[in-house]
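Per-entry structural report
The residues making up each chain are set out below.
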Amino acid sequence: MAITYELIKTCKQTGARLGKVHTPHGSFETPMFMPVGTLATVKTMSPDELERMGAQIILSNTYHLWLRPGEDIVEEAGGLHEFMNWNGSILTDSGGFQVFSLSDLRKIEEEGVHFRNHISGEKLFLSPEKAMHIQNSLGADIMMAFDECPPYPAEHKYMKDSVERTSRWAERCLEAHQRPHNQGLFGIIQGGEYEDLRRQSAQDLTSMDFPGYAVGGLSVGEPKDVMNRVLEFTTPFLPDQKPRYLMGVGSPDSLIDGSIRGIDMFDCVLPTRIARNGTLMTSEGRLVVRNAKYARDFRPIDENCDCYTCRNYSRAYIRHLVKANETFGFRLTTYHNLYFLLKLMGRVREAIREDRLGDFREEFFEMYGFNKPNAKNF
């Protein structure tokens, strides 16, 4: 099997899992945050920088790479690893989320989805078989089954139909997958906020024996307490010996809360996207470096951080670069945010080893300001 999971320890205080995922391009400890490299690049970062900051797996986007440069060109280059010069593990999503979020004109049929290219307006069609063909050509270590990503909120009847279609599509993905020996395919559990539908989705997909499972349809506008409640009743439906991936989640509080609820892998564009707006994650909460009060602030972004940005540059200098739209400013803010989340996950893993993740959560939330009534979140 291309992907295997090793459960190392369960936190006695919270039940969080410390584990290791083994892939054809190396192993990584979990819980792990995966930086997003949508177009075969993590915006402004080089592979060397990502490796130095502790990223061991990154995510790329099936839909965007299908549109440009095209999966055939990536395959001709030797696959994503060769194309982008990344030696670690890679996960590709199915493209389903982009079809449903970027295209206003779409039509869902049993065969697949008709929609328009969000760049050119050209008519396109994506099916489970097509999604598998694209991902087989891209050559990522972990592929995702093609699913429907329903909106939040959605009525029970709509969600039930969607879950059943996603299960049928998952079966078709397994049948169409051409490289199971060196690419692991994960199924995606859907069902919105409905416990009975999450159970039904999990039962359908676990019966197909995927190498891993994702929890989809969260971080789509629902409150944090709803997401946590859904995770609490969903992860027990998933097998202990397979990795669990929560799609599209990357705020510090949700990474900790997701880990406590049994999640192993996370991804999100949040740290890189907000970095380009001059918003930074620090040990004391959110910092918007564009603000005028930092014009003469010669301290580092975070005095508790030892990343390249914080060791070498001041808030005043980074503010100047960001305000002037200098690329180096966006590189520095992106580096810091990714480093911050990767180090946070390292501390989460250490807390699991020491059976104190609950205590760590309280300490972090207090320091970060999440416990304050008007806490600024991302």
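Computed from a predicted structure; not experimentally measured. Counting from 1, residues in each chain are numbered in the order their sequence is written. In view of the model being predicted, local features appear only for residues whose pLDDT reaches at least 70, and side-chain atom pairs are presented and counted only at 80 or more, with totals across whole chains, interfaces and linings using the full set of residues. Where side-chain values are given, they derive from all heavy atoms of the structure, hydrogens and water being excluded.

A word on the overall build of the protein
What counts is decided by this rule: For the purposes of this entry, the term helix denotes a DSSP run of H or I that reaches at least four residues, the term strand denotes a run of E that reaches at least two, and both are numbered from the N terminus. Accessible area is worked out with a 1.4 Å probe on protein chains only. A residue is then buried under 20% of its type maximum, exposed over 50%, and partly exposed in between. Throughout, the Shrake-Rupley method with a 1.4 Å probe supplies accessible areas, and for residues the shown protein chains are the sole cover considered. Only four residue types enter the charge count, namely Lys and Arg as positive and Asp and Glu as negative; His and the chain termini do not. Charged groups are reduced to one reference atom each: NZ for lysine, CZ for arginine, CG for aspartic acid, CD for glutamic acid.
Counting its secondary structure elements, the protein contains 15 helices and 16 strands. Here the C-alpha coordinates of the protein stretch approximately 60 × 45 × 40 Å along the principal axes. Across the 378 residues that make up the protein, the buried fraction comes to 57%. In the structure as shown, the protein presents an accessible area of about 15700 Å², 46% of it carried by carbon and sulfur atoms. Charge centroids of the protein, computed over 45 positive and 51 negative side chains, lie 6 Å from each other.

Let's talk about the pairing of strand β16 (residues 285–288)
Residues in a regular strand project their side chains so that they alternate between the two faces of the sheet. To be explicit about the condition: Paired strands are those between which DSSP finds at least two bridges.
Sheet topology note: the strand β15 (residues 279–282)/β16 ladder contains four bridges and is antiparallel. Counterpart to T279 in the pairing with β16 is V288. Here β15 folds back onto β16 in antiparallel fashion, the turn holding two residues.

A look at the packing of aromatic side chains
Just so we agree on the cut-off: Stacked, tilted and edge-to-face are the three classes applied to pairs of Phe, Tyr and Trp rings, where Trp contributes its six-membered ring and a pair requires centres within 6.5 Å; stacked means planes under 30 degrees apart, edge-to-face means over 60, and tilted covers the rest. Here, a charge over a ring means that NZ of Lys or CZ of Arg falls within 6 Å of the ring centre while also lying within 35 degrees of the ring normal.
In the structure shown here, the tally under the stated rule is 14 aromatic pairs. With 6.0 Å between their ring centres and 80 degrees between their planes, F210 and Y213 make a pair best called edge-to-face. On the accessibility criterion, Y213 (1% relative accessible area) is buried. Among the aromatic residues, those joined into a cluster by ring pairs are Y308, Y313, Y317, F328, Y335 and Y339. Against the face of F365 rests R361, its NZ or CZ located 3.9 Å from the ring centre.

A few points about the sheet that holds strand β8 (residues 113–116)
Operational definition: To obtain each axis, a line is fitted to C-alpha atoms, and for helices this fit is confined to the stretch in contact; angles are then taken between N-to-C directions over 0 to 180 degrees.
In space, the three strands of this open sheet follow the order β7-β8-β9, with antiparallel pairing throughout. Of all strands in the sheet, those with a lone pairing partner are β7 (106–108) and β9 (123–126), marking the two edges. Strand-to-strand twist in this sheet, taken as the mean axis angle between neighbours without regard to direction, amounts to 15 degrees.

Points about the sheet that holds strand β5 (residues 57–60)
Using the following cut-off: Throughout, a contact is declared for two residues whenever any of their heavy atoms are within 4.5 Å.
An order of β4-β14-β13-β12-β11-β10-β6-β5 is seen for the eight strands of this open sheet, with the pairing classed as parallel. The sheet terminates laterally at β4 (32–34) and β5, the two strands that pair on one side only. Strand-to-strand twist across the sheet, computed as the mean angle between neighbouring axes with direction ignored, equals 25 degrees. With four bridges joining them, strand β11 (residues 184–189) and strand β12 (residues 212–215) adopt parallel strand pairing. By the bridge assignment, F186 is partnered in β12 with G212. Running at roughly 165 degrees to strand β10 (residues 142–144), helix α6 (residues 128–138) makes contact with β6 (89–92), β10 and β11 of the sheet.

Considering the packing of α6 against helix α7 (residues 156–176)
Applicable threshold: Roughly parallel means an angle under 35 degrees; roughly antiparallel means over 145; roughly perpendicular covers 65 to 115; every other angle is labelled oblique. Each crossing is labelled by how the near helix is turned from the far one, with a counterclockwise turn of less than a right angle marking it left-handed and a clockwise turn marking it right-handed. Put simply, Ala, Val, Leu, Ile, Met, Phe, Trp, Tyr, Cys and Pro go in the nonpolar bin, Asp, Glu, Lys and Arg in the charged bin, and everything else, Gly too, in the polar bin.
At their nearest, the axes of α6 and α7 sit 8 Å apart, and the two run at 40 degrees to each other. As summarised for this structure, α6 and α7 are arranged oblique, according to the angle between their axes. Handedness of the α6/α7 crossing: right-handed. Of α7, the residues touching α6 (which contributes P128, E129, M132 and N136) are W169, R172, C173 and A176. Looking at the contact of α6 with α7 residue by residue, the classes come out as five nonpolar, one polar and two charged.

Details of the side chain of R198
Put simply, the rule is: The working definition used for a salt bridge is a side-chain nitrogen of Lys or Arg within 4 Å of a carboxyl oxygen of Asp or Glu.
Position of R198 relative to the elements: it lies in helix α8 (residues 195–206). Within the buried set, R198 has no salt-bridge partner at all; the shortest N-O distance to an opposite charge, 7.4 Å, is to E222. Other than its neighbours up to four places away in sequence, R198 contacts I189, Q190, G191, G192, V215, G216, G217, L218, V230, F233, T234 and F237.

Remarks on the layout of surface pockets
Where we set the bar: Method remark: on a 1 Å grid restricted to protein atoms, a set of points is classed as a cavity if a 1.4 Å probe fits but cannot get out and as a pocket if it is open with protein on both sides within 12 Å along at least five of seven lines; lining residues have an atom within 4 Å of a point. Grid points are joined across faces, edges and corners, and a volume is the space filled by probe spheres set on the points.
In this structure, the largest pocket spans a volume of roughly 840 Å³. Along the wall of the largest pocket there are 38 residues; nearest its centre are D93, F97, Q98, D267 and V269. Counting only elements with at least two residues in the lining of the largest pocket, the list comes to α5 (96–102) and α11 (270–275). For the lining of the largest pocket, the element with the highest residue contribution is α5, accounting for five residues. Within the lining of the largest pocket, the residues separate by chemical class into 14 nonpolar, 17 polar and seven charged.

Some points on the nonpolar core
Basically, it comes down to this: Take the buried Ala, Val, Leu, Ile, Met, Phe, Trp, Tyr and Cys residues and link them wherever side-chain atoms come within 4.5 Å; each set so joined is a nonpolar core.
Ranked by internal contacts, the top residues of the largest apolar core, which has 113 residues, are L50, L91, M144, Y245, M265, L357 and F364. When residues of this core are assigned to their parent elements, the largest contribution, 13 residues, is made by helix α14 (residues 327–353). With near-sequence residues (within four places) excluded, Y245 lies in contact with M34, L59, L91, M144, Y213, A214, V215, I263, M265, F266 and D267.

Some details on the pattern of salt bridges
According to the stated counting rule, one finds 26 salt bridges in the structure shown. We note a salt bridge from E71 to K130, for which the minimum N-O separation is 3.9 Å. Taken together, the positions of E71 in helix α3 (residues 71–76) and K130 in helix α6 put the pair 59 residues apart, joining distant regions of the chain. Residue E71 is classed as buried on the basis of its relative accessible area, which comes to 9%. Overall, the relative accessible area of 27% leaves K130 in the partly exposed class. The shortest N-O distance in the salt bridge between R168 and E110 comes to 2.8 Å. Highlighted residues: R168 in helix α7 and E110 in the loop between β7 and β8, separated in sequence by 58 residues. Among the residues examined, R168 registers a relative accessible area of 39% and is labelled partly exposed. You can call E110 partly exposed: its relative accessible area is 37%. A cluster of three or more residues bridged by salt bridges with shared partners is formed by E232, D257, R261, R361 and E362.

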